[in-house]
Structure formats: C-alpha cells, structure tokens
Amino acid sequence: QLQLVESGGGLVQAGGSLRLSCALSGSTLDLWTIAWFRQAPGKEREGVSCLSSTEGPTYYADSVKGRFTIATDYPKNTVFLQMNNLKPDDTAVYYCALASSNAAKAARDYDESDFNFWGQGTQVTVSA
C-alpha cells in the first residue's frame, strides 16, 4: 500500500532554513507528479511547488520563488523541499502529495484536486 511519511518541520527564525522530507513506500517516486502544499491557520491550502514526471519547468508559487527548491532522491524514493530565507508568512503545515502523471499537463497546470495521495503534514513555524 502506498504511504507518504513527512519529516523535517520545526521552529526557525526568520531568515533561516529548513529541509522537509517526504518518503514514499508502496510505489516508486518516478511514476508520479510530486507537489508540496501548505496550509496556514484560517487560510486555504495552497500549492507551493510541483515537479512533473514529464519534461517541463518546475512550478513554484510566486510567494516562494527564489527561496524554495523541490528536489528528489529517486533511489531512496524521497522528495525534499528545501526552504531558505524563511519568513513568518511561511508558517503553515506543509504536505507532500502525489498525482497521476499526465504527459499533456505541465507542472503549473496541476490542481489540488489532481493529487491522489497525501502525507500527514509537518508543522513549520517561522518566528520574527
């Protein structure tokens, strides 16, 4: 059975860095389009980054562009979100998610409803 287990969240000062990890079991990561979402208290869940299994540019939300980087370690079936220069507005629960790949769909065109499997979430808190 497919499982996603997240880790790496914590408390960090503004300007600091964290690396989130999402480990997949029950499948192989290269079969999937991979994304990170986040949800802050009282706010809608938003897409942070998406890496398509097909060719095309990685998607980053405007709010994190230039600061966050999605990365994969396919032999370990693990996806990472490297978060640099963190800001208080980055405070949220972060979720990794997988979507069935679509060769006709670029990473920026995936919607939250496309994602089939979700991690349990990990809390990131950024203090001023």
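Residues numbered from 1 in each chain as written. Predicted model: local features only at pLDDT ≥ 70, side-chain atom pairs only at ≥ 80, totals over all residues. Heavy atoms only, no water.

> So what about the layout of surface pockets? Which residues, and what values?
The calculated volume of the largest pocket comes to roughly 160 Å³. Among the elements that take part in the lining of the largest pocket, strand β5 (residues 46-51) stands out by supplying five residues, more than any other. Taken together, the residues that form the lining of the largest pocket break down as nine nonpolar, two polar and five charged. (1 Å grid on protein atoms, 1.4 Å probe; cavity = no way out; pocket = protein on both sides within 12 Å on 5 of 7 lines; lining within 4 Å. Points joined across faces, edges and corners; volume = space filled by probe spheres on them. Helix = DSSP H or I, 4+ residues; strand = E, 2+ residues; numbered from the N terminus. Nonpolar A, V, L, I, M, F, W, Y, C, P; charged D, E, K, R; others polar.)

> Now, about the packing of aromatic side chains: what can you tell me, with residues and values included?
In total, this model carries six aromatic pairs according to the counting rule given. Between tryptophan 32 and phenylalanine 117, the ring centres sit 5.5 Å apart and the planes meet at 85°, which makes this aromatic pair edge-to-face. In this pair, tryptophan 32 sits in strand β4 (residues 32-39) while phenylalanine 117 sits in strand β10 (residues 115-118), placing the two residues 85 residues apart along the sequence. With relative accessibility at 13%, the residue tryptophan 32 sits in the buried group. Exposure remark for phenylalanine 117: the relative accessible area of 33% places this residue in the partly exposed category. Positioned above the aromatic ring of tyrosine 95, the side-chain terminus of arginine 45 is 5.6 Å from the ring centre. (Phe/Tyr/Trp six-rings, centres within 6.5 Å; stacked < 30°, edge-to-face > 60°. Buried < 20%, exposed > 50% of the residue type's maximum accessible area, 1.4 Å probe, protein only. Lys NZ or Arg CZ within 6 Å of the ring centre and 35° of its normal.)

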